[in-house]
Amino acid sequence: MSDISEDRVRHLAGLARINLTDAEVTHLTAELSKIVDVVATVSAAATDDIPATSHPIPLSNVYRDDVVTDDVLSTEQALSGAPERDGARFKVSAILGEEQ
Amino acid sequence: MTDLTRQTAAQLATALADGSTTSLAVTQAHLDRIAAVDGAIHAFLHVNPELSLAAAAASDARRAAGSPLSELDGVPLAIKDVLVTTDMPSTSGSKILEGWMSPYDATVVTRAREAGLVPLGKTNMDEFAMGSSTEHSAYGPTRNPWDTDRIPGGSGGGSAAAVAAFEAPFALGSDTGGSIRQPAHITGTVGMKPTYGSVSRYGAIALASSLDQVGPCARTVLDAALLHDVIGGYDRHDSTSLKDAWPSFAEAARKGALPGSLKGLRVGVVSQYAGEAFQAGVMTRFRESLDMLATAGAEIVEVSLPSVEHAVAAYYLILPAEASSNLAKFDSVRFGMRVNPAGGGTVEQVMSATREAGFGPEVKRRIILGTYALSAGYYDAYYGSAQKVRTLIQRDFDQAFASVDVLATPTAPTTAWKLGEKLNDPLAMYAQDIATIPANLAGIPGISIPSGLAPEDGLPVGIQFLAPARHDARLYEVAAGLESLLEASWGGPLYAQAPDFDTAVPTQSTRSAVPTQSTRSAVSTQSTRSAVPTQSTRSASPTQSTRGGA
């Protein structure tokens, strides 16, 4: 059995920066409990002697020459999709709250 | 006059080369087709006829000057909305990116343009490619051209339906756990997931970076191969890109279509993909195809892949884990939506409000599952174990390919289901990927081609072939071989048997008029939906945000 509780779902949603309504929390708690019960079966198949695969076709040392190329975005292009900007910068909402 | 939309890309290329048609005529025919049927199918999120016609005119000018860019110069192409484009919005099916214009083109889009292909528009998909039915699109579902009450598969249901409904000769897709192959199975078309790293992912909005692969969707094996030849190969913008020199896949497909090509081929039938989970008609057509291969001289043997039993579980840990990390970029700062809570708030509060409003229920579900799988104290048991299962599955494949050239499976367990049927049962939806997921976990190529119609419901069924990594050409050869045998038995391609739903929707000439009484009776299932404009990105379906209660 999974240990998915409403409090845990709230905590995870906080970590993932997604606001959830109470109804969503209740619904997700039930759904995720069922899903976790199924996916948790992998731990039975995976014994200590098996190495992990993070990447299906391993490559190593993927480098390029340390030279400036001309196919990078301009400042204007990089800022073109920003919800808000200040000159040549992305404008971020307040970082500190009132209490801080 | 020939209906240009019924031609394959290869036929169109020939007609363009010999001057019997023009790219303008071909492109206009497809735009007309989209205008006529996409109100019912909703394969496209965005169409821009002016842009397409300008690209077509430029292609015709190159032809006239004797300098076409490639043999496909002037042939139209549909593009899955997961691939970014500078001249059309790219949303990945999500509200959080509604209207977003990319400052650069995906490498596969650049290569398509450099070959002279004419982009027709962006196709619908499950939000961020999370789904097997295209119902998780924030812009409403796509419908299956074989039966518009049914799903077209997913996540690339838009690309598959566009090709199946003759709205485009071929299309670009992406496959993370089956999103090219399963819609191909569901819509009676061809879909190829190439070897991981063989087609650039640069500009493909990432879902799960160790699983994602871009590939072609088409009506024939040769057309898929032709498109693969255009988009494949090393790209320095993608650090997982393979530097291999690839053979011509079109040549492989042409070779495979010759009589006798299947003689001596060793085909392994995966014993795990049978039994109750698989619909009877899916298995009937699968076995018929195997018999056909055997009659053509192939050797059919049974092989076992014991670890694929854990593939779906491993996948639904690895994918959410990688997705929760990849989707962190939607932070309300650099691009996409920003929602300011009433009374303002800190960047964290703005981010949380934005992601609440911008993500649909399936995306929220998977991000939270992935966040859980990566949490301290759970990482080893979940994500770590899933990565070990990945090793076991790779070993199973290595062992199988030591004794066979290709593996064969039914592409998916069932034919197209009704819209809404599995929407509130995520696990039932996830189980649809049972036969396609292992290829993504192992990085190997897989192709699905039509193997017939299920006798019980008359809906398309696909057969999947898998080959060792880097042996994509072998798949085109084998698939083209079986395709030619099947077409000989059917007396033509399967898509020739598709119901003519032209009569079920207003045609171009009557489009602005109210449907007449006689056509209305044929559109009973569509009559409650108003004709939707295909011109621009549509607003979200009003029911989407409340769906599933999450």
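Everything numeric here is computed off the predicted structure, so don't read it as measured data. (Residues numbered from 1 in each chain as written. Chains lettered and ligands numbered in written order. Predicted model: local features only at pLDDT ≥ 70, side-chain atom pairs only at ≥ 80, totals over all residues. Heavy atoms only, no water.)

Right, let's get into the overall build of chain A. A count of helical and extended segments in chain A gives 4 helices and 2 strands. In sequence order, chain A lays out its α and β elements as α-α-α-α-β-β. A compact globule built from 100 residues would reach a C-alpha radius of gyration of about 13 Å, whereas chain A, at 22 Å, exceeds it by more than 25%. For chain A, the spread of C-alpha atoms along the principal axes amounts to about 55 × 45 × 25 Å. The buried share of chain A, taken over its 100 residues, is 30%. The contacts in chain A between residues at least 6 apart in sequence include a share of 27% that link residues at least 24 apart. Taken as a whole, chain A presents about 6,700 Å² of accessible surface, with 51% of it coming from carbon and sulfur. Placing the 8 positive and 18 negative side-chain charges of chain A at their respective mean positions leaves the two points 6 Å apart. (Helix = DSSP H or I, 4+ residues; strand = E, 2+ residues; numbered from the N terminus. Rg over C-alpha atoms; globule rule 2.2 N^0.38 Å. Buried < 20%, exposed > 50% of the residue type's maximum accessible area, 1.4 Å probe, protein only. Contact = heavy atoms within 4.5 Å. Areas by Shrake-Rupley, 256 points an atom, 1.4 Å probe, with all protein chains shown as cover. Lys, Arg positive; Asp, Glu negative; His and termini not counted. Charge placed at Lys NZ, Arg CZ, Asp CG, Glu CD.)

Let us now look at helix α4 (residues 107-114) of chain B. Residue pairs three or four apart in sequence face the same way in an α-helix, which turns once every 3.6 residues. Residues and elements named next belong to chain B. Listed in full, the buried residues belonging to α4 are Thr107, Val108, Val109, Arg111 and Ala112. Packed against the buried residues of α4 are β2 (76-80), β4 (170-175), β6 (213-218) and α7 (221-231). At the C-terminal side of α4, Gly116 shows a positive phi close to 85 degrees.

We now examine the domain arrangement of chain B. Residue and element names in this part refer to chain B. Per the domain assignment, the segments making up chain B are domain 1 (7-313 + 382-494) and domain 2 (314-381). Using only C-alpha atoms to locate each centre, domain 1 and domain 2 end up separated by 29 Å. On the domain 2 side, the residues contacting the 36 residues of domain 1 number 33 residues. When residues of domain 1 are sorted by the area they lose upon contact with domain 2, Ile96, Tyr382 and Tyr383 head the list and together hold 29% of the total. (Domains from an automatic or database assignment. Buried area = accessible area lost by both parts, 1.4 Å probe.)

Below, the discussion takes up the pattern of salt bridges. One pass over the structure, following the stated rule, counts 25 salt bridges over all chains. Measuring nitrogen to oxygen at the nearest pair gives 3.3 Å for the salt bridge that ties A:Arg17 to B:Glu348. On the criterion of chain membership, the pair formed by A:Arg17 in the loop between α1 (6-15) and α2 (22-39) and B:Glu348 in helix α11 (residues 347-358) is interchain, its members lying in two chains. Judged by relative accessible area, which is 25%, A:Arg17 ranks as partly exposed. The structure contains a network of salt bridges with shared partners spanning A:Glu31, B:Glu362, B:Arg365 and B:Arg366. (Salt bridge = Lys/Arg side-chain N within 4 Å of Asp/Glu carboxyl O.)

Residue and element names in this part refer to chain B. Counting 145 residues, the largest nonpolar core has Leu83, Phe128, Leu407, Phe465 and Tyr476 as the members making the most contacts within it. Tallying contributions element by element places helix α10 (residues 311-326) first for this core, with 11 residues. With near-sequence residues (within four places) excluded, Leu83 lies in contact with Ser90, Ala106, Val108, Val109, Lys122, Leu172, Gly203, Ala204 and Val214. Grouped together as the second largest cluster of nonpolar side chains are 16 residues, Ile41, Val47, Leu120 and Ala171 included. (Core = buried A, V, L, I, M, F, W, Y, C linked by side-chain atoms within 4.5 Å.)

Contact residues are listed per partner, giving 69 residues for chain B and 58 residues for chain A. When chain B packs against chain A, close to 5,300 Å² is buried across both sides, 65% of that on carbon and sulfur atoms. At the boundary of chain B with chain A, the tally comes to 5 salt bridges. The salt bridge involving B:Lys364 is made with A:Glu24; its shortest N-O contact spans 3.3 Å. Along the contact surface separating chain B from chain A lie 21 residue pairs in polar contact (both at pLDDT 80 or more). Mapped onto the side of chain B that touches chain A, the elements with two or more residues apiece are α10, α11, α12 (361-373), α13 (380-401), α14 (426-430) and α15 (437-442) of chain B. In terms of residue count, the dominant contributor to the side of chain B that touches chain A is α13(B) (12 residues). Each residue belonging to the side of chain B that touches chain A can be placed in one class, and the counts come to 34 nonpolar, 23 polar and 12 charged. (Polar contact = N/O pair within 3.5 Å; in protein donor to acceptor, adjacent residues only side chain to side chain. Nonpolar A, V, L, I, M, F, W, Y, C, P; charged D, E, K, R; others polar.)

This part is about the environment of B:Ser102. Residue and element names in this part refer to chain B. Mapped onto the elements, Ser102 comes out in the loop between β2 and α4. Overall, Ser102 belongs to the buried group, its relative accessible area being 4%. Separated by 14 residues in sequence, Ser102 and Met88 place their C-alpha atoms 8.2 Å apart. Among all residues touching Ser102, those that are not within four sequence positions of it are Val84, Thr85 and Thr86.

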